[in-house]
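# Summary of structural features
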Amino acid sequence: MYLSKEYKAEIFQEFAGSAENTGSAEGQVALFTKRIAHLTGHLKSNRKDFNTQRSLQKLVGKRRSLLAYLYKKDINRYRAIIKGLGLRDIIK
């Protein structure tokens, strides 16, 4: 699989604070972002893969809802994760 156990631990270490903190919103958003980037690359070469397209749309929705939660709970954490991942500010 493209997301190995070590790579996931690395992502959570960087964005969530520790490799064991897999439930934090920041870690989940970072993991979703990496998965979205991978699926986007796959869809560029496989235009008619509609199952992957649906999975990508579901992941984007999950990431958006987690970002909305962070925005509502703690705006500073939201701004930090947006800046760290290079995402646009989608919550207005």
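Predicted model only: the values in this text are computed from it and were never measured.

### Quick word on the overall build of the chain
Helix and strand counts for the chain come out as four helices and zero strands. Each helix and strand of the chain, ordered N terminal to C terminal, gives the series α-α-α-α. At 14 Å, the chain has a C-alpha radius of gyration in line with the 12 Å of a compact globule built from 92 residues. With the principal axes as the frame, the chain shows a C-alpha extent of 40 × 35 × 20 Å. Counting contacts in the chain only where the partners sit at least 6 residues apart, residues at least 24 apart contribute 43% of the total. When the accessible surface of the chain is summed, it comes to about 6400 Å², and 49% of that surface belongs to carbon and sulfur atoms. Across the chain, the mean location of the 19 positive side-chain charges is 11 Å away from that of the 8 negative side-chain charges.

### What about helix α2 (residues 25-45)?
Spanning 21 residues, α2 covers 31 Å between terminal C-alpha atoms, matching the ideal 30 Å at 1.5 Å per step. Among the residues of α2, those classed as buried are Ala 25, Glu 26, Gly 27, Val 29, Ala 30, Leu 31, Phe 32, Thr 33, Ile 36, Leu 39 and Leu 43. Tucked into the core, α2 has its buried residues touching α1 (5-16), α3 (50-73) and α4 (75-85).

### Details of the nonpolar core
Counting 16 residues, the largest nonpolar core has Phe 15, Leu 67, Tyr 78, Ile 81 and Leu 85 as its most contacted members. If near-sequence neighbours (up to four positions away) are discounted, Leu 67 is found in contact with Val 29, Tyr 78, Ile 81, Ile 82, Leu 87, Ile 90 and Ile 91. Formed by six residues, the second largest nonpolar core is a distinct cluster that contains Phe 32, Leu 43, Leu 56 and Leu 59.

Cut-offs used in this document
- Residues numbered from 1 in each chain as written.
- Predicted model: local features only at pLDDT ≥ 70, side-chain atom pairs only at ≥ 80, totals over all residues.
- Heavy atoms only, no water.
- Helix = DSSP H or I, 4+ residues; strand = E, 2+ residues; numbered from the N terminus.
- Rg over C-alpha atoms; globule rule 2.2 N^0.38 Å.
- Contact = heavy atoms within 4.5 Å.
- Areas by Shrake-Rupley, 256 points an atom, 1.4 Å probe, with all protein chains shown as cover.
- Lys, Arg positive; Asp, Glu negative; His and termini not counted.
- Charge placed at Lys NZ, Arg CZ, Asp CG, Glu CD.
- Expected span 1.5 Å × (residues − 1).
- Buried < 20%, exposed > 50% of the residue type's maximum accessible area, 1.4 Å probe, protein only.
- Core = buried A, V, L, I, M, F, W, Y, C linked by side-chain atoms within 4.5 Å.

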